[in-house]
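Listed below are the residues making up each chain.
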Amino acid sequence: MSALRALIVDDDALARERLGALLCAEPAVRIAGECENGTEAVAAIRSLAPDLVFLDLQLPGADGLNLLEALPVANRPAVIVVTAHAHYAVRAFEAEVVDFLLKPFDLHRLQVAVQRARDAILSRRPGRRAGAEPEPADRECFTVKGDGRMVLVRRREIIRVAAAGPGAIVHLAASTLAVRESIAALESRLARAGFARINTSDLVNVDQIKEMKPTFEGDFVLLLRDGTRLPLSRHLRSQLDRIAGG
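Note that the structure is predicted; figures quoted are calculated from it, not measured. (Residues numbered from 1 in each chain as written. Predicted model: local features only at pLDDT ≥ 70, side-chain atom pairs only at ≥ 80, totals over all residues. Heavy atoms only, no water.)

(A) Just the pairing of strand S6 (residues 78-83), in detail. For S6, a buried count of 6 out of 6 residues is recorded, marking the element as mostly surrounded by other parts of the structure. Side chains Ala78, Ile80 and Val82 of S6 all project onto a buried face; the interleaved residues Val79, Val81 and Thr83 project onto the opposite face, where all are buried too. Inspection of the sheet shows strand S3 (residues 52-55) paired to S6 by 4 bridges, in the parallel sense. Among the inter-strand pairings, Leu52 is bridged to a residue of S6, identified as Ala78. Of the strand pairs in this sheet, S6 and strand S7 (residues 99-102) are connected by 4 bridges, and their pairing is parallel. (Buried < 20%, exposed > 50% of the residue type's maximum accessible area, 1.4 Å probe, protein only. Helix = DSSP H or I, 4+ residues; strand = E, 2+ residues; numbered from the N terminus. Pairing = 2+ DSSP bridges.)

Encoded structure:
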């Protein structure tokens, strides 16, 4: 796939300059244009037909999300929201943006967002297997408050969730994220996405389970694909079997 043609929409010149500088280090993106208000943005989207739009939400005389919602869904570019206001997150994802960057952000976080945009764009293109609906883990994501910021997490990226006091630790493939929500609250959000509570402290992505081994005491230990070993409570094994289809 060639580089994505991107449009930057932000009324703050310094913010546009900073994002542009970060994108210079990202070969997967080529900047096609910049806009500082909603009127310019609509015109540029129509004339330039960018693959990707980095959209600020507070624009002179316009609401960025209203601008997005006014675009025909079939012809809408992938959108990454760029804002300093975390409270827009829920509404942004309801509008089907591919990611939500909370200012200030670093190059790594930008690269994650760009990769998500590439994945979303590829999934729309002809040649994808007819009738192949993505699994919920491929299309569903949710936001959590962690490390002092709002973070978008895709369910398929989660290996497990571990209780940590009143909050929890979300274990991803290459990192961990401390979140404010309890493991019980996260379980309710992940219960229909292939996650199972295996003991009082751990919630696991069933796809990450490699083996289930019996112990001498008649219990079981789960071995995950990343090498983690976790005890399986007897009274929760039925939940695991139900979700795993066993």
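So much for the structure itself; the text now carries on.
(B) Just the pairing of strand S10 (residues 158-164), in detail. Most of S10 is tucked away, with 5 of its 7 residues classed as buried. Where S10 lies against strand S11 (residues 167-172), 6 bridges are found, and the strand directions are antiparallel. Within S11, the residue paired with Ala162 across the bridge is Ile169. Linking two consecutive strands that pair antiparallel, namely S10 and S11, is a turn of 2 residues; a positive phi of about 65° is found at Gly165 within it. For S10 and strand S14 (residues 202-205), the ladder comprises 3 bridges, and the chain directions are antiparallel. The partner of Arg160 across the bridge, within S14, is Val204.

(C) Geometry of the pattern of salt bridges. Tallied over the entire structure, the rule returns 9 salt bridges. In this structure, the salt-bridge partner of Glu34 is Arg16, at a minimum N-O distance of 3.4 Å. Of the two residues, Glu34 sits in strand S2 (residues 29-35) while Arg16 sits in helix H1 (residues 13-24), which places them 18 residues apart along the sequence. Where Arg116 meets Glu157, a salt bridge forms, and the shortest distance between an N and an O atom there is 3.1 Å. With Arg116 in helix H5 (residues 107-124) and Glu157 in the loop between strand S9 (149-154) and S10, the pair connects residues that are 41 residues apart, well separated along the chain. (Salt bridge = Lys/Arg side-chain N within 4 Å of Asp/Glu carboxyl O.)

(D) Seen up close, helix H7 (residues 183-190). What H7 keeps buried is the set Ile183, Leu186 and Leu190. Within H7, the buried residues cover an arc of 60° as seen down the axis, which keeps them to one side. (Arc of directions from axis to C-beta.)

(E) Inspection of the side chain of Asp56 at higher detail. One can find Asp56 in the loop between S3 and strand S4 (58-59). Although Asp56 lies buried, it forms no salt bridge, and the closest oppositely charged side chain, Lys103, sits 4.1 Å away as judged by the N-O distance. The residues touching Asp56, leaving out its near neighbours within four places in the chain, are Val9, Asp10, Asp11, Gly64, Val82, Thr83 and Lys103. (Lys, Arg positive; Asp, Glu negative; His and termini not counted. Contact = heavy atoms within 4.5 Å.)

(F) Spotlight on the environment of Ala62. Relative to the assigned elements, Ala62 resides in strand S5 (residues 62-63). The class for Ala62 is partly exposed, based on a relative accessible area of 29%. With sequence-adjacent residues up to four places away left out, Ala62 is seen in contact with Gly38 and Leu57.

(G) Broad picture of empty space enclosed by the protein. Overall, the coordinates contain 1 cavity of 30 Å³ or more when judged by the stated rule. The computed volume of the largest cavity comes to approximately 30 Å³. If you trace the largest cavity, you find it lined by Ile45, Val53, Leu55, Leu67, Leu68, Leu71, Pro77 and Val79. Looking at the lining of the largest cavity, the elements with two or more residues in it are S3 and helix H3 (64-70). Here the residues of the lining of the largest cavity sort into 8 nonpolar, no polar and no charged. (1 Å grid on protein atoms, 1.4 Å probe; cavity = no way out; pocket = protein on both sides within 12 Å on 5 of 7 lines; lining within 4 Å. Points joined across faces, edges and corners; volume = space filled by probe spheres on them. Nonpolar A, V, L, I, M, F, W, Y, C, P; charged D, E, K, R; others polar.)

(H) A look at the sheet that holds S7. Pairing is parallel across the open sheet formed by 5 strands, whose spatial order is S2-S1-S3-S6-S7. For this open sheet the edge positions go to S2 and S7, each flanked by a neighbour on one side alone. The sheet shows a mean angle of 20° between the axes of neighbouring strands, direction not considered. Packing against the sheet, H1 makes contact with strand S1 (4-9), S2 and S3, and its axis sits at approximately 170° to S2. Sheet strands in contact with helix H2 (residues 38-48) are S1, S2 and S3, and its direction is about 165° off that of S1. (Axes fitted to C-alpha atoms, helices over the stretch in contact; angles between N-to-C directions.)

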